[in-house]
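Understanding the architecture of this molecule
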Amino acid sequence: MNRALGVLISGRGSNLKAIIDAIRRRELDARIAVVISNRADAAGLDHAIVAGIETLVINHKAYATREEYDRALVYELRKRDVALVCLAGFMRLLSPVFVDAFPNRILNIHPSLLPKYPGLHPQQQALDDGAAESGATVHFVNKDLDAGPIVLQQSVPVRPGDTADSLAERILEIEHELYPRAIQQTLANFEAGR
Ligand code: GRF
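Residues numbered from 1 in each chain as written. Predicted model: local features only at pLDDT ≥ 70, side-chain atom pairs only at ≥ 80, totals over all residues. Heavy atoms only, no water.

1. Points about the overall build of the chain
Scanning the chain from N- to C-terminus turns up six helices and seven strands. Secondary structure elements of the chain occur, N-terminal to C-terminal, as β-α-β-α-β-α-β-α-β-α-β-β-α. For the chain, the C-alpha radius of gyration of 16 Å lies close to 16 Å, the compact-globule estimate for 194 residues. In terms of overall dimensions, the chain has C-alpha extents of about 50 × 40 × 35 Å along its principal axes. For the chain, with 194 residues in total, the buried portion stands at 52%. Pairs at least 24 residues apart make up 64% of the contacts formed inside the chain by residues separated by at least 6 positions. Just so you have it, the chain exposes about 9,600 Å², and 50% of that area is on carbon and sulfur atoms. Put simply, the chain has 22 plus and 24 minus side-chain charges, and the middle of one group is 5 Å from the middle of the other. (Helix = DSSP H or I, 4+ residues; strand = E, 2+ residues; numbered from the N terminus. Rg over C-alpha atoms; globule rule 2.2 N^0.38 Å. Buried < 20%, exposed > 50% of the residue type's maximum accessible area, 1.4 Å probe, protein only. Contact = heavy atoms within 4.5 Å. Areas by Shrake-Rupley, 256 points an atom, 1.4 Å probe, with all protein chains shown as cover. Lys, Arg positive; Asp, Glu negative; His and termini not counted. Charge placed at Lys NZ, Arg CZ, Asp CG, Glu CD.)

Put into structure tokens, the structure is as follows:
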């Protein structure tokens, strides 16, 4: 079975690191075929380089349209025959060109209990809403932002005095456990033909 992952990042890459570590611990039976960043200065690239994983920087600013950019991403991912695309802090909206190239084959992690607080600044949205809890969601990516079918979700409490940063940190801890588990479950479902 093809268990090759393509991971897309834009920044810090702590979820990428969690995926790499889970593979190393054999909790996740997969391999990362390539890590692609749209930014050359994404700190997360270093996690891949240290682990000996191929990295590519494909800068969106070098493409005239979103569709052209997405075609370049699709080309590189297809070339490596990835079974699953994992968005891990990839800060670009994907056009139908990308989504249609990998139907039900793209996962994203979002720091809220979707469908609550989609889009930007979900931790601040939770605080502004006076929520008693928030959390993280791994979901399939479709054409609607943060709205595809949910794979796994886990909650954390919102504590008195929380800031967006302190809540983000608490959520991030569970993201690192949730994302590898969701990938493992998704690959197993592919194999079972579900
Ligand atoms: C995470 O909070 C993730 O849920 C969101 O972007 C952040 C990425 O963090 N989509 P990192 O780059 O994985 O550290």
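2. Side note on the site of the ligand
Taken together, the neighbourhood of the ligand is formed by Arg-12, Gly-13, Ser-14, Asn-15, Gly-89, Ile-109, His-110, Pro-111, Leu-172 and Glu-175. Compared with its free state, where it exposes 370 Å², the ligand has 86% of that area covered by protein. Among the secondary structure elements, those contributing two or more residues to the shell around the ligand are α1 (14-24), β5 (106-110) and α6 (164-191). Residue classes in the shell around the ligand are distributed as three nonpolar, five polar and two charged. (Near = heavy atom within 4 Å. Nonpolar A, V, L, I, M, F, W, Y, C, P; charged D, E, K, R; others polar.)

3. Here we look at unusual backbone geometry
With an omega dihedral of 10 degrees, the bond running from Leu-114 to Pro-115 counts as a cis peptide bond. In this fold, Pro-115 is placed in the loop between β5 and α5 (122-128). With phi around 55 degrees, Asp-81 is a residue other than glycine that occupies positive phi space. Along the chain, Asp-81 falls in the loop between α3 (66-79) and β4 (84-87). The backbone of Asn-104 shows a phi angle near 55 degrees, a positive value even though the residue is not glycine. With respect to the helices, strands and loops of the structure, Asn-104 is situated in the loop between α4 (96-101) and β5.

4. Some details on the packing of aromatic side chains
A full pass over the atoms with the stated rule returns two aromatic pairs. Their ring planes at 65 degrees and their centres at 5.5 Å tell us that Tyr-63 and Tyr-69 sit as a pair that is edge-to-face. Their ring planes at 50 degrees and their centres at 5.5 Å tell us that Phe-98 and Phe-102 sit as a pair that is tilted. Classification of Phe-98 as buried rests on a relative accessible area of 0%. Its guanidinium or amino end placed over the ring of Tyr-69, Arg-92 lies 5.7 Å from that ring's centre, counting from NZ or CZ. (Phe/Tyr/Trp six-rings, centres within 6.5 Å; stacked < 30°, edge-to-face > 60°. Lys NZ or Arg CZ within 6 Å of the ring centre and 35° of its normal.)

5. Observations concerning the pattern of salt bridges
If you walk through the whole model with that rule in mind, you get twelve salt bridges. Notably, a salt bridge pairs Arg-3 with Glu-191, separated by 2.9 Å at the nearest N-O pair. Placement of the pair is Arg-3 in the segment before β1 (4-9) and Glu-191 in helix α6, with a sequence separation of 188 residues. Given a relative accessible area of 12%, Arg-3 falls into the buried group. With relative accessibility at 41%, the residue Glu-191 sits in the partly exposed group. Salt-bridge contacts for Lys-79 lead to Glu-76; the nearest nitrogen and oxygen are separated by 3.6 Å. Of the two residues, Lys-79 and Glu-76 both sit in helix α3, three residues apart, roughly one turn of that helix. Accessibility expressed as a relative area gives 16% for Glu-76, which makes it buried. (Salt bridge = Lys/Arg side-chain N within 4 Å of Asp/Glu carboxyl O.)

6. With respect to the pairing of β4
On β4, burial covers both faces: Leu-84 and Cys-86 on one face and Val-85 and Leu-87 on the other are all buried. Sheet topology note: the β1/β4 ladder contains four bridges and is parallel. If you follow Leu-8 over to β4, its bridge partner there is Leu-87. Each parallel crossover has a hand, and the one from β4 via α4 to β5 is right-handed. (Pairing = 2+ DSSP bridges. Right-handed = clockwise from strand over helix to strand, strands pointing away.)

7. Quick notes on α1
Of all eleven residues making up α1, eight are buried, and the element is well covered by its neighbours. Of the residues making up α1, those classed as buried are Ser-14, Asn-15, Leu-16, Ala-18, Ile-19, Ile-20, Asp-21 and Ala-22. Elements in contact with the buried residues of α1: β1, β2 (31-37), α2 (45-50), β5 and α6. Positive phi appears at Arg-26, one or two residues downstream of α1, with a value of about 65 degrees.

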